[in-house]
Amino acid sequence: MTPVEYKIIQQFLSQSCGIVLSDTKQYLVKNRLTGLLTKFDLASFSELAATIKTNSSLSVRIKAAVVDAMTTNETFWFRDDTQFTELKENIFPEIFNRKRGTVKVWSAACSSGQEPYTISMCVEDASNKRGATPSVQIIGTDISESILQEAKAAVYSDLALSRGLDVQTKTRFFQKTHDGYKLSSSVASRVRFQQFNLLKPFSVLGRFDVIFCRNVLIYFSDEVKRDILSRMVDMLEPGGYLFLSSTESMPVTVKNIESIRGGRVRYFKKVS
Ligand SMILES: C[S@@+](CC[C@H](N)C(=O)[O-])C[C@H]1O[C@@H](n2cnc3c(N)ncnc32)[C@H](O)[C@@H]1O
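Residues numbered from 1 in each chain as written. Predicted model: local features only at pLDDT ≥ 70, side-chain atom pairs only at ≥ 80, totals over all residues.

1. Points about the sheet that holds strand β10 (residues 265–270)
Part 1 of the argument: The strand order β6-β2-β1-β7-β8-β10-β9 describes an open sheet built from seven strands, whose pairing is mixed. At either end of the open sheet lies a strand with only one pairing partner, and these are β6 (191–195) and β9 (257–262). This sheet shows a mean twist of 25 degrees between the axes of neighbouring strands, independent of strand direction.
Part 2 of the argument: Both β9 and β10 contribute to a ladder of six bridges, which runs antiparallel. The residue bridging glycine 262 from the neighbouring strand is valine 265, located in β10.
Part 3 of the argument: Packed on one face of the sheet, helix α6 (residues 114–130) meets β1 (103–108), β2 (136–142), β6 and β7 (208–213) and runs near 170 degrees to β2.
Part 4 of the argument: Packed on one face of the sheet, helix α7 (residues 145–153) meets β2 and β6 and runs near 170 degrees to β6. (Pairing = 2+ DSSP bridges. Helix = DSSP H or I, 4+ residues; strand = E, 2+ residues; numbered from the N terminus. Axes fitted to C-alpha atoms, helices over the stretch in contact; angles between N-to-C directions. Contact = placed C-beta atoms within 7 Å.)

Structure representation (structure tokens):
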């Protein structure tokens, strides 16, 4: 891959999905995209780069495949578990007490579904404690169609389940099938999935009481990160909550949001 071909791919990724690759990541791009040459019958990276610059139907498919190959889908159940304890013990009870109508939650960049399904498990716990089942809709979005197919199937391998789930939760919410473990419909039916690019306007998604945006902004420039977070705060209902991962911070330029700290957990609340 020549420096010029690398630049074309670098620019395409930054403009189409916000992912910023430094000039030293050529080896990574080469590793991840080599398989696409065979898949799309391309002779070289030069042909791949040239096709990316066109608007043909092949180019559309290749661009989607490049994004799929270059995104990192790492996720697991109850990731940053103190956030989910806070969600089920304090945040959901507070929202259920004051909210009339359906509570809406957005898992932005949901990968293979573990994050929105974990949220749905927290709804089960908070509802059981309350003795009533409030109406909650969870939407999981991701840029990658192929990872969303896995999320929608809601069938996980032993290995995927072993990452973050204790035996009790596994037994409670999953049933063994011929191809893995199927998530119970009570948890799955609360979640719907939609392909969505975080660089696009959020208004099509509506407003939310809770947003999870974790482990995705780390791949973006500071400017894009600030823009996405400001727009997310706009989409929160007054008094709504926003979770970043425990290692991410809120840029100071993002307005109308306060930081909440409790024990080992930190999250953000929209100033109403
Ligand atoms: C590391 S996973 C994080 C999954 C989950 N939020 C978690 O914390 O476990 C990052 C996800 O962000 C998605 N992603 C990357 N760029 C995106 C964009 N511009 N719009 C929407 N999703 C994007 C990737 O496809 C990937 O599934």
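On we go from here.
2. Points about α7
Part 1 of the argument: Of all the positions in α7, only Ile147, Leu148 and Ala151 are classed as buried. The arc that holds the buried residues of α7, viewed along the axis, is 100 degrees, so those residues lie on one side. Relative to its buried face, α7 has exposed residues pointing more than 90 degrees away, namely Glu145 and Gln149.
Part 2 of the argument: Just downstream of α7, alanine 154 is the residue with a positive phi angle, here 55 degrees. (Buried ≥ 20, exposed ≤ 12 C-beta atoms within 10 Å, placed from the backbone. Arc of directions from axis to C-beta.)

3. Focus: the nonpolar core
Within soluble globular proteins, side chains that are nonpolar tend to cluster in buried spots.
Part 1 of the argument: In terms of nonpolar packing, the biggest core is built from 47 residues, with Phe92, Cys122, Ile211, Cys213, Met232 and Leu242 touching the most fellow members.
Part 2 of the argument: Not counting residues up to four positions away in its chain, the partners in contact with cysteine 122 are Phe84, Leu87, Lys88 and Phe92.
Part 3 of the argument: In terms of nonpolar packing, the next biggest core, distinct from the first, is built from 12 residues, Ile9, Ile19, Val29 and Leu33 among them. (Core = buried A, V, L, I, M, F, W, Y, C linked by C-beta atoms within 7 Å.)

4. Topic: the domain arrangement of the chain
Where interface size is given, it is often the accessible area lost as the parts come together that is meant.
Part 1 of the argument: Its domain assignment divides the chain into domain 1 (3–70) and domain 2 (81–270).
Part 2 of the argument: Spacing between the C-alpha centres of domain 1 and domain 2 amounts to 30 Å.
Part 3 of the argument: With seven residues of domain 1 at the interface, the matching set in domain 2 holds 11 residues.
Part 4 of the argument: The dominant element in the side of domain 1 that touches domain 2, judged by the number of residues it contributes, is helix α4 (residues 57–70), at three residues.
Part 5 of the argument: Residues that form the side of domain 1 that touches domain 2 fall into these classes: five nonpolar, one polar and one charged. (Domains from an automatic or database assignment. Nonpolar A, V, L, I, M, F, W, Y, C, P; charged D, E, K, R; others polar.)

5. A look at the packing of helix α2 (residues 26–39) against α4
Part 1 of the argument: For the pair α2 and α4, interaxial distance at closest approach is 9 Å and the crossing angle is 145 degrees. Every pair of crossing elements has a handedness; the one defined by α2 and α4 is right-handed. In contact with Arg32, Leu33 and Leu36 of α2, α4 contributes Ile62, Ala65, Val66, Ala69 and Met70.
Part 2 of the argument: Partitioning the contact of α2 with α4 into residue classes produces seven nonpolar, no polar and one charged. (Left-handed = near helix turned anticlockwise from the far one by under 90°.)

6. Remarks on the packing of helix α3 (residues 45–52) against α4
Part 1 of the argument: At a minimum axis distance of 9 Å, the contact between α3 and α4 shows a crossing angle of 110 degrees. Regarding the angle of α3 to α4, the classification is roughly perpendicular. In this structure, the crossing between α3 and α4 has a hand that is left-handed. Contacts between α3 and α4 involve Leu48, Thr51 and Ile52 from the former and Leu58, Ser59, Ile62 and Lys63 from the latter.
Part 2 of the argument: The class makeup of the residues in the contact of α3 with α4 is four nonpolar, two polar and one charged. (Parallel < 35°, antiparallel > 145°, perpendicular 65-115°, else oblique.)

7. Section: the site of the ligand
Part 1 of the argument: Of all residues adjacent to the ligand, which total 24 residues, the nearest are Thr71, Thr75, Ala109, Ser111 and Asn215.
Part 2 of the argument: Looking at side-chain class alone, the shell around the ligand contains nine nonpolar, 10 polar and five charged residues.
Part 3 of the argument: Two domains each donate at least three residues to the shell around the ligand, and these are domain 1 (3–70) and domain 2 (81–270). (Near = placed C-beta within 6 Å.)

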